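Given next are the chains, with one letter for each unit.
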Amino acid sequence: MQTIITILTVLNMYINVLNDCTSNFIYNADIENGKVNTMYVYEREGNYITPKLYHQFSYDEQGRLTEKTTFKWNSWNKNYQASHRLQMTYGTDGYELTHSIWGKKENDWKAMDEKTIYKCENGQLASVEYLHINQQGRQKVINSLIVSDPFEQLLLAGSANNGSNR
């Protein structure tokens, strides 16, 4: 059992936020060939909307999400500026999700500061480990847990058995 983040997962997320009529936020996505490439978020204030942020999504050749980069609206400069990104790397027994922030001084991405590791453990068990990474690159486990998944077939993200996708 290997859970993966697919194009369908991102598309479902977009459709779910569209259906929330009580939100003060408005979403506009650029969808091409079933893939959400960008998603803009605006805040509704009375009769006006103001930009808040947008997300860029990247996928691999198997349609799995590999990167989500978030840009925040700078109302002073009237443009979007890089904020943070999530990167996913996939292995045979799970995947890793890393977080890094944009360094304004460096004008580049800083080293990752958080990591989450998802692994398949013995059939229908999944382990999740949350790590904090300091500036020297040392990793400290913040939390870890084991999750039993008796309803594997109901996962929205999809799953793969023996390396084959369903």
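Before reading further, recall that the structure is shown in the block above.
Given the structure is predicted, the values throughout are model-derived calculations rather than measurements.

Reading the values: the criteria
Counting starts from 1 at the beginning of each chain's written sequence and moves along it residue by residue. Per-residue local features are limited, in this predicted model, to residues with pLDDT of at least 70; the limit for side-chain atom pairs, both in listing and counting, is 80 or more; totals at the level of whole chains, interfaces and linings are taken over all residues. Here the side-chain values reflect all heavy atoms present in the structure, with hydrogen atoms and water set aside. A helix here means a DSSP run of H or I that spans at least four residues, while a strand means a run of E at least two residues long, and both kinds are numbered starting from the N terminus. A simple rule labels every residue: compare its accessible area, found with a 1.4 Å probe on the protein chains alone, to the largest value its type can have, and call it buried under 20%, exposed over 50%, or partly exposed in between. Throughout, a residue-residue contact means that at least one pair of heavy atoms, one from each residue, lies within 4.5 Å. Shrake-Rupley sampling with a 1.4 Å probe provides the accessible areas, and residues are treated as covered by the protein chains on show and by no other component. Within 6.5 Å between ring centres, the rings of Phe, Tyr and Trp (the latter by its six-membered ring) count as paired, and their orientation is classed by plane angle as stacked under 30 degrees, edge-to-face over 60, tilted in between. By definition, no residue in a patch forms a salt bridge, and every one has over 30% relative accessible area; like charges are joined within 9 Å, nonpolar side chains (Val, Leu, Ile, Met, Phe, Trp, Tyr) within 5 Å. Between Lys or Arg on one side and Asp or Glu on the other, a salt bridge is scored when a side-chain nitrogen of the former is within 4 Å of a carboxyl oxygen of the latter. Nonpolar cores were defined as sets of buried Ala, Val, Leu, Ile, Met, Phe, Trp, Tyr and Cys residues, with membership established by side-chain atoms within 4.5 Å. Only strands that DSSP links by at least two bridges are regarded as paired with each other.

Asker: Looking at this structure, I do not really get the overall build of the protein. What am I missing?
Answerer: Each helix and strand in the protein was counted, giving one helix and 13 strands. When the elements of the protein are put in sequence order from the N terminus, they spell out β-α-β-β-β-β-β-β-β-β-β-β-β-β. Across the 166 residues of the protein, 33% fall into the buried class. In the protein, once contacts between residues fewer than 6 apart in sequence are set aside, the share between residues at least 24 apart is 25%. Within the structure as shown, the protein displays about 10,900 Å² of accessible surface, and the carbon and sulfur contribution to it stands at 49%.

Asker: Would you mind showing me how to read the side chain of Thr38 here?
Answerer: Inspection of the secondary structure puts Thr38 in strand 3 (residues 35-45). A relative accessible area of 14% means that Thr38 is categorised as buried. Excluding residues that lie within four positions of it along the chain, Thr38 makes contacts with Asn28, Ala29, Asp30, Tyr54, His55, Gln56 and Phe57.

Asker: Just checking my understanding: could you explain the packing of aromatic side chains for this structure?
Answerer: The geometry of two aromatic rings is summed up by the distance between their centres and the angle between their planes. Evaluation of the coordinates by the stated rule reveals nine aromatic pairs. Ring centres of Trp73 and Tyr80 lie 4.9 Å apart, and the angle between their planes is 70°; on these two criteria the pair is classed as edge-to-face. Residue classification places Trp73 among the partly exposed positions, given a relative accessible area of 26%. Taking relative accessible area as the criterion, Tyr80 reaches 23% and is therefore assigned partly exposed. With centroids separated by 5.4 Å and ring planes inclined at 40°, the aromatic side chains of Tyr90 and Tyr95 adopt a geometry described as tilted. Taken together, the ring pairs connect Tyr40, Tyr42, Tyr54, Phe71, Trp73 and Tyr80 into an aromatic cluster.

Asker: Please clarify how a nonpolar patch on the surface should be interpreted in this entry.
Answerer: A contiguous nonpolar surface patch, about 320 Å² in accessible area, is contributed by Tyr130, Ile142, Leu145 and Val147. Looking at which element gives the most residues to the nonpolar patch, the answer is strand 11 (residues 139-148), with three residues. Structurally, the position occupied by Tyr130 is in strand 10 (residues 125-133). On the basis of relative accessible area, Tyr130 is assigned to the partly exposed category, the value being 32%.

Asker: Just to check I follow, could you spell out the environment of Val141 for this structure?
Answerer: Along the polypeptide, Val141 turns up in strand 11. With 25 residues separating them in the primary sequence, Val141 and Thr116 have C-alpha atoms 9.6 Å apart. Setting aside residues no more than four positions away along its own chain, Val141 makes contact with Glu129, Tyr130 and Leu131.

Asker: Please explain the nonpolar core as it appears in this structure.
Answerer: Where a protein is soluble and globular, its nonpolar side chains tend to be buried together. Among the nonpolar cores identified, the biggest contains 12 residues, and these are Tyr27, Ala29, Val36, Met39, Val41, Phe57, Tyr59, Leu65, Met88, Tyr90, Tyr95 and Leu97. Looking at this core, the elements that each hand over two or more residues are strand 2 (25-32), strand 3, strand 4 (48-59), strand 6 (79-91) and strand 7 (94-103).

Asker: Looking at this structure, how should I read the side chain of Asn74?
Answerer: You can see Asn74 is positioned in strand 5 (residues 65-74). When neighbours within four sequence positions are excluded, Asn74 is seen to be in contact with Asn79 and Gln81.

Asker: Help me understand the pairing of strand 11 in this model?
Answerer: Each regular strand carries side chains that alternate between the two faces of the sheet. Direction of pairing for strand 10 relative to strand 11: antiparallel, over a ladder of nine bridges. Residue pairing for strand 11: Glu129 is matched across the bridge by Ser144. A loop of five residues connects strand 10 with strand 11, the two strands running antiparallel in sequence, and Gly137 in this loop sits at a positive phi of about 90°.

Asker: Help me understand the environment of Gly137, please; the structure alone is not making it clear to me.
Answerer: With respect to the helices, strands and loops of the structure, Gly137 is situated in the loop between strand 10 and strand 11. Under the relative-accessibility criterion, Gly137 is labelled partly exposed at 42%. Considering only alpha carbons, one finds Gly137 and Asp113, 24 residues apart in sequence, at a separation of 8.3 Å.

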